[in-house]
Amino acid sequence: MARPANKRRKITAANKENKAPRVSRGGRKTRNARCLTAANFTDLPFDVLLEIAAWLIPLDLLYLCRVNHALRNVFMTKASHGAWKQARANANNLPEPFAEISEPAWANLVYVRVCNFCWKKKVMEPDFRLRCRICAKCSETHLLALKEFLDVMPVADRPDIEMIFNLIPSNKLAYQRQKVHDTYVRLTDYEDIENEIRQLPKGLTDAFRKEKLRSRKKVVQHAQLCEDWLDERTSAREAELKAAGKQRRKAILDRLSSMGYENEVKYMIAADTDGFEYCEFRFSYKNFMQLPQVKQNSVLTDRVWRNIEAGILEFMVGVRTRYLEHENTLLLRSRTVKAVSVFRSFKEALPPHTLFPYIPDFLALDVVHDLIHRPDHTALTEEDFTEVCSEMDSFADNWRYSVHRQLAQAVGLNFAESHPDIDTLSTDLKLAATGIICASCTRFPIDFSPSAVEKFMSATTLEVRPLFYPEVLTHRCAVSTMLFPGFYPDWYFLDGSSVKNLLSLFRSQWRPGPYAKHPVVARLARKVVTMTGLDASSATVNDMDGCGVLFECTSCRESARRVLFSWREIMQHAMVEHIVGSADFEQRVSPVRTSELPEGWDVTEMTYEEILYECLHCRDTLEEEVGGIEHEKMMKHLLDKHQLQNPRENMDYESLLGSPTQARPRCVQITLKKRAQIAQTEA
């Protein structure tokens, strides 16, 4: 059988009053001793109560009035007006109440966030111009909107209504969640002034209107003063909360630093300053501040820390993982700095126009990759690259052979030997009739049938980009790629250059991906070579450049004007402008030797192929213009970027490999001489 519970003695009101307080042996009262309560607080002298009230703000004084009837009778009398005034002074000089509002009602309006009509809904901000706090639901019955009221009233009464609205303090708000703001007044104010106007004797309307306008002006001015005080108080409170939150975050970070997370804290803060290049957003300092354990303004005590420690340490574990990855990335970058420095020093000593690997190709070497990613945490020195430098020439030869081999396979060249040497590869690649194009730069159908051309032209504009050796080795589509900022290669940040914006062109490993052999271009190239009198199976690009033959498009011939194109340009012109295939090419194109121009014709305009240059100071850097730039732009670049007044070719800049070394005609325009010019020439 369970033991019955102990019964407690009932204490009546009589023996409760007679019960003496328990006192400990040391003479101190225990918890059961009588303490100061609201009942005996009112027994204090009146001047003592006023002295206590002098240290309070209006809200505290309002709460004190609501303790019991005795205190309410003390602070709700006119004798306590000084206490309320001092309380307003303690609250950052709170403005005095409006004329029709008492001090307690004013404190309730300013501090208590409850609707003054329904006393239920929460209202954050008081409306000083209407002298109340009002919720959206109560505004439907206790406020009057000017536009709505005018819409339902007769037209004859509208001027009087607008006149009354101008005499009452109003505010332009969006109560009732309206899309368009309206002018609102309190319904009781409107009814009171409407009754006063009805009871006015005749002839006193103007004086009454002026008096009301003065009263309204005073209310508006005092409301503006109260709004300024509220804004100042709100700003001060926000600053106070911000300072408290900052102090709490600092205390949390100090505790984390003392627990061994000092480096992780520094990394987390620096990630927000330097961007999210290494730090994921969920482990950033901004996200750290949004943690529920951190996003508070209370003081961080030992008890609070014990409650939030587990959640914060879970977050810091992820930060530590990212920090270690960041440190490893910095180590790899520091080693890459040294590798790139050694490579650039070696490359600067090479003679001009030397086909040599680029930095991405060098960093892709197995021996260089192993040096950069070796497991220890030490930095690399120049001595570590001694073996690499000794094998640099061999690496360059292997790279050149690989480039030529990949290019030959891309354009479909066949060789009798399974592993032809580089001379055999380059011999076939140097032919003028190879028909190599850049697929990225060419927009032309492979099938040359009329239906295919028409369908292709409906989707895009035609463009043909034939390429010839050695231009194919340095064409920008084969040695560069377009990247967004988040995907820039690491070694581009090594020289401290400014980061490019948005999509940018960057140097990459050489690749034959964009190259292909276009059948139409190949057939036209053989036709052009044959029309010059050379053998299409053996004529090289240099042979065609030196043959001294231009080509005229008979479709563009005029009576007094003819246009002659170079052998490179005539293929693009015929294919793009006239959609000419190999079948009718010879009927539309005729060769003309530059030494045998038609009699009676004179050269009036000549266009040359642009010579492209690359800056030797910017080569293999972020500032490099991949693919080269024109001479005028190069001079401006050297002056603006490197402050070179008199740059020297092959020292500060050089022509791009594959670009013309001298002026090469692209298009020649000849016109028929006038008879007077012919007679003068014959004389």
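See the structure above.
Summarised in this report is the structure supplied together with it. All of these numbers come straight from a predicted model, not from anything done at the bench.

Conventions used here
- Residues numbered from 1 in each chain as written.
- Predicted model: local features only at pLDDT ≥ 70, side-chain atom pairs only at ≥ 80, totals over all residues.
- Heavy atoms only, no water.
- Axes fitted to C-alpha atoms, helices over the stretch in contact; angles between N-to-C directions.
- Helix = DSSP H or I, 4+ residues; strand = E, 2+ residues; numbered from the N terminus.
- Parallel < 35°, antiparallel > 145°, perpendicular 65-115°, else oblique.
- Left-handed = near helix turned anticlockwise from the far one by under 90°.
- Contact = heavy atoms within 4.5 Å.
- Nonpolar A, V, L, I, M, F, W, Y, C, P; charged D, E, K, R; others polar.
- Phe/Tyr/Trp six-rings, centres within 6.5 Å; stacked < 30°, edge-to-face > 60°.
- Salt bridge = Lys/Arg side-chain N within 4 Å of Asp/Glu carboxyl O.
- Buried < 20%, exposed > 50% of the residue type's maximum accessible area, 1.4 Å probe, protein only.
- Pairing = 2+ DSSP bridges.
- Arc of directions from axis to C-beta.
- Patch = residues over 30% accessible without salt bridge, like charges linked within 9 Å, V, L, I, M, F, W, Y side chains within 5 Å.
- Areas by Shrake-Rupley, 256 points an atom, 1.4 Å probe, with all protein chains shown as cover.
- Polar contact = N/O pair within 3.5 Å; in protein donor to acceptor, adjacent residues only side chain to side chain.

1. Things to note about the packing of helix 6 (residues 81-90) against helix 7 (residues 103-111)
- Contact geometry for helix 6 and helix 7: axes closest at 10 Å, N-to-C directions at 25°. As far as their axial angle goes, helix 7 and helix 6 are roughly parallel. The chirality of how helix 6 crosses helix 7 is left-handed. In contact with H81, W84 and R88 of helix 6, helix 7 contributes E103, P104, W106 and A107.
- Partitioned by chemical class, the residues of the contact of helix 6 with helix 7 number four nonpolar, one polar and two charged.

2. A few points about the packing of aromatic side chains
- All chains considered together, the criterion is met by 15 aromatic pairs.
- Counting every residue linked through ring pairs, the aromatic cluster contains F343, F346, F356, F362 and F395.

3. As for the pattern of salt bridges
- Within the structure shown, the criterion is met by 23 salt bridges.
- One salt bridge connects R214 with E211, and the closest N-O pair in it is separated by 2.6 Å. One end of the pair is R214 and the other is E211, both in helix 12 (residues 205-274) and three residues apart, which spans about a single turn.
- Classification of R214 by relative accessible area gives partly exposed; the value is 46%.

4. Focus: the sheet that holds strand 8 (residues 515-517)
- Pairing is antiparallel across the open sheet formed by three strands, whose spatial order is 5-4-8. On the outer flanks of this sheet lie strand 5 (466-467) and strand 8, each paired with one strand and no other.
- As paired strands, strand 4 (residues 436-438) and strand 5 are joined by two bridges and run antiparallel to one another. Across the sheet, the residue bridging to I437 is P466, located in strand 5.

5. Here we look at the environment of Y184
- Secondary-structure assignment places Y184 in strand 3 (residues 182-186).
- Sequence-wise, Y184 and F165 are 19 residues apart; in three dimensions their C-alpha atoms are separated by 8.6 Å.

6. As for helix 6
- Among all positions of helix 6, only A83, W84, A87 and R88 are buried. Angularly, the buried residues of helix 6 cover 140° about the axis, an arc narrow enough to put them on a single face.
- Lining the buried residues of helix 6 we find helix 3 (46-53), helix 4 (58-65), helix 5 (69-75) and helix 7.
- In the stretch just after helix 6, N92 is the one whose phi turns positive, near 55°.

7. Quick word on a nonpolar patch on the surface
- A surface patch of nonpolar side chains, about 300 Å² in accessible area, is lined by L597, V603, M606 and Y608.
- Relative to the assigned elements, L597 resides in the loop between strand 11 (589-593) and strand 12 (601-608).
- On the basis of relative accessible area, L597 is assigned to the partly exposed category, the value being 31%.

8. Some points on the environment of T424
- Tracing the backbone through its elements, the reader meets T424 in helix 19 (residues 422-429).
- In this structure the side chain of T424 is engaged in a polar contact, spanning 2.5 Å, whose partner is the side chain of D421.

9. Quick notes on helix 19
- Among all positions in helix 19, only L425, S426 and L429 are buried. Burial along helix 19 is one-sided: seen end-on, the buried residues are contained in an arc of 95°.
- If you follow the buried residues of helix 19, they end up packed against helix 18 (392-410).

10. Section: the pairing of strand 10 (residues 561-565)
- Of all five residues in strand 10, four are buried; the element is thus mostly enclosed.
- Looking at chain direction, strand 9 (residues 549-553) and strand 10 are connected through two bridges and run antiparallel. Of the residues in strand 10, the one forming a bridge with E552 is L564.

11. Concerning the sheet that holds strand 3
- If you walk across this open sheet you meet the three strands as 1-3-2, and the pairing is antiparallel. The open sheet has two free edges, formed respectively by strand 1 (143-145) and strand 2 (171-173), since each of these has just one partner strand. Averaged over all adjacent pairs, the angle separating strand axes in this sheet is 45°, with direction ignored.
- Both strand 2 and strand 3 contribute to a ladder of three bridges, which runs antiparallel. Considered in strand 3, the bridge of K172 is made with T183.
- Running over the sheet, helix 11 (residues 187-199) touches strand 1 and strand 3 and is turned about 70° from strand 3.

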